[in-house]
Amino acid sequence: MPLPAAPARNTTSPFSSMHGHHTAIRYPDFEAARAFWVETMDWRVLQTWPYGELTLAYVMPPDQDDFHLEILAGPGAAAQTVYDDVDASLAANGFNHVCLSVDSVDKTLAALRERGVDVVNPPFEIDDISARLAFFRDPWGNMFELSERTGGGHVG
């Protein structure tokens, strides 16, 4: 089933200038996080800067300039729960995952596995949103969804 048409935009809202820009993820070690995103995932570093004892960076997907992941790294990062699968993670409140659209979930998973990235669940389809999905996690347990359109529209 394709996604429905988007509701009408509300250009008169006092929040109409809001647009997605980045997601920030806290990491204990800057160089390890940068290496995962740049060397393993082929993402590009836009900018790096200090903030107190932390080192921050914006990294961007290989072929997209308008979405950034902000690496927040340095001392004081607490360990987080690492879930065995996506369903187990749904019992916890708060941040769950970042969704990344891909042309092919299967090809992307194959490349991730070749690079030693931890795949959380095998691919599955949700007809209600016309998507084939899978999840992987970074070395610190943060989950990322891969979404391939199986019909019209965009998942995100």
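Structure report, in brief.

Basis of the calculations
- Residues numbered from 1 in each chain as written.
- Predicted model: local features only at pLDDT ≥ 70, side-chain atom pairs only at ≥ 80, totals over all residues.
- Heavy atoms only, no water.
- Pairing = 2+ DSSP bridges.
- Helix = DSSP H or I, 4+ residues; strand = E, 2+ residues; numbered from the N terminus.
- Axes fitted to C-alpha atoms, helices over the stretch in contact; angles between N-to-C directions.
- Buried < 20%, exposed > 50% of the residue type's maximum accessible area, 1.4 Å probe, protein only.

## Quick look at the sheet that holds strand E5 (residues 97-101)
Then, in step 1: Within the open sheet, the 4 strands sit side by side as E5-E8-E7-E6. Their pairing is mixed. Here the strands that pair on one side only, and so sit at the sheet edges, are E5 and strand E6 (118-126). Neighbour-to-neighbour, the strand axes of the sheet open up by a mean angle of 20°, direction not taken into account.
Then, in step 2: Direction of pairing for E5 relative to strand E8 (residues 143-149): parallel, over a ladder of 5 bridges. Looking across to E8, one finds that leucine 100 is bridged to leucine 146.

## Notes on the pairing of E8
Then, in step 1: With 6 of 7 residues buried, E8 lies mostly within the body of the structure.
Then, in step 2: Here strand E7 (residues 131-137) pairs with E8 via 7 bridges, running antiparallel. Within E8, the position partnered with leucine 133 by the bridge is serine 147.
Then, in step 3: Counting the residues between successive antiparallel strands, the hairpin from E7 to E8 contains 5 residues, one of them, glycine 141, with a positive phi of roughly 95°.

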